[in-house]
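# Inside the fold
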Amino acid sequence: MALGAFLFALVKYVFIRSEELSPKFFIFEFVSYGLFLLLIYLYDRSIRDNKNEQLSSKKQFIEFKKQSDNKIEELEREVEQLKANNETGSDGDEVSLVKDYFATILKSLSDIKDIGKHILLGLSKQYDISIGICYFYNDTANNYEAVGTYGLGDEVVIKDFIPDEGLNGQAIRDQKTMVLNEIDDEYFDIESCSGSSKPKYIYLLPIVKDKESIGLIEIASFAKLSLDFQWDNLNEKLVNTISI
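Rules used throughout
- Residues numbered from 1 in each chain as written.
- Predicted model: local features only at pLDDT ≥ 70, side-chain atom pairs only at ≥ 80, totals over all residues.
- Heavy atoms only, no water.
- Pairing = 2+ DSSP bridges.
- Helix = DSSP H or I, 4+ residues; strand = E, 2+ residues; numbered from the N terminus.
- Axes fitted to C-alpha atoms, helices over the stretch in contact; angles between N-to-C directions.
- Contact = heavy atoms within 4.5 Å.
- Buried < 20%, exposed > 50% of the residue type's maximum accessible area, 1.4 Å probe, protein only.
- Arc of directions from axis to C-beta.
- pLDDT = per-residue confidence, 0-100.
- Core = buried A, V, L, I, M, F, W, Y, C linked by side-chain atoms within 4.5 Å.
- Parallel < 35°, antiparallel > 145°, perpendicular 65-115°, else oblique.
- Left-handed = near helix turned anticlockwise from the far one by under 90°.
- Nonpolar A, V, L, I, M, F, W, Y, C, P; charged D, E, K, R; others polar.

Bringing the sheet that holds strand β2 (residues 143-150) into the picture now. Spatially, β2-β1-β5-β4-β3 is the arrangement adopted by the five strands of the open sheet, whose pairing is antiparallel. Strands with a single pairing partner mark the edges of an open sheet, and in this sheet they are β2 and β3 (178-180). Direction aside, neighbouring strands of the sheet carry axes that sit 20 degrees apart on average. Examined bridge by bridge, strand β1 (residues 131-138) and strand β5 (residues 212-221) share six bridges and lie antiparallel to one another. Across the sheet, Cys 134 pairs through a bridge with Ile 217, a residue of β5. Running over the sheet, helix α4 (residues 112-124) touches β1, β2 and β5 and is turned about 50 degrees from β2. Set on the sheet, helix α5 (residues 166-174) makes contact with β1, β2, β3, β4 (201-209) and β5; between it and β5 the angle comes to about 130 degrees.

Okay, here's the thing in structure tokens:
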């Protein structure tokens, strides 16, 4: 474009006789054209340099993103390793102790209410549990019946729930542990046993045997526990020990 403009400007000299113009005019004209072409050249080079910088920045961003993704994958592997360490009982060996309790106590029990009570009791020995409720599936009523509690008075009535009902039903359906850290004031009424304080965490732990949800353990705690990481390991021992 600059070259085209320059050539177009030269066309006017076809119509002007050279004797009518002084040498200074030609010198001034060609110097001005030279400056014009220089400015166009510098502008064009600036654009090219800017594009090269953008390409370089894009390459750096892609490389940075690649490094970040690799770092994230590395951190995820470390987290999984920490989870695995927790599950094997490396954190105070609490998993092994609870499993030993299940093996020695639950194996001799046949009454479902005793089983529910001692499941919660075994967990309370190693975890900071404020409230616990154990449910098992009732074939006749087609619901999950509360068979044992921990930290609740006898006057507290626990409602049974049907499959797919509420968060408990969701945990049963998905067969995955759930952790709730935003708890409604009405979720647990524990004023009778813990003053006016409310738990900060709720753990919903499905009891799964042969790919069927046979029960649920609902835990309330004021402290963050590692039960969500360790439950699969504990559940396996639990279902292989109890006689239901």
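By the burial criterion, the buried members of α5 are Asn 168, Gly 169, Ala 171 and Ile 172. Looking down the long axis of α5, one finds its buried residues gathered within 160 degrees of arc, a one-sided arrangement. The inward-facing, buried residues of α5 contact β1, β2, β3, β4 and β5. At the C-terminal side of α5, Gln 175 shows a positive phi close to 55 degrees.

So, on to the confidence of the model for the protein chain. Looking at the protein chain as a whole, the pLDDT averages 82, with 81% of positions reaching at least 70. When mean pLDDT is compared element by element in the protein chain, β4 scores highest at 95, while helix α6 (residues 191-194) scores lowest at 43. Below pLDDT 50 for its whole length, residues 88-92 participates in ten contacts with residues either more than four positions away or in separate chains. Within the model, the stretch residues 189-195 combines pLDDT values under 50 with 13 contacts to residues more than four positions away or in other chains.

Within the largest apolar cluster, 29 residues are counted, with the highest numbers of intra-cluster contacts made by Ile 119, Leu 123, Tyr 127, Phe 136, Ile 217, Ile 219 and Leu 227. Taken together, the elements giving at least two residues each to this core come down to α3 (94-105), α4, β1, β4, β5 and α7 (227-239). Top contributing element to this core by residue count: α7, with five residues. Residues contacting Leu 227, with those up to four places away along its chain left out, are Leu 123, Tyr 127, Tyr 203, Leu 205, Ile 219 and Leu 234. Core analysis: the second largest hydrophobic core is formed by 15 residues, Ile 158, Met 178, Leu 204 and Ala 220 among them.

Right, let's get into the packing of α3 against α7. Between α3 and α7, the least distance of the axes is 9 Å, while the angle of their chain directions is 20 degrees. Classed by the angle they form, the pair α3 and α7 counts as roughly parallel. When you trace α3 past α7, the crossing you get is right-handed. Residues Glu 94, Val 95, Val 98, Lys 99, Phe 102 and Ala 103 of α3 form the contact with α7, whose participating residues are Gln 230, Asn 233, Leu 234, Lys 237 and Leu 238. Its residues placed into classes, the contact of α3 with α7 shows six nonpolar, two polar and three charged.

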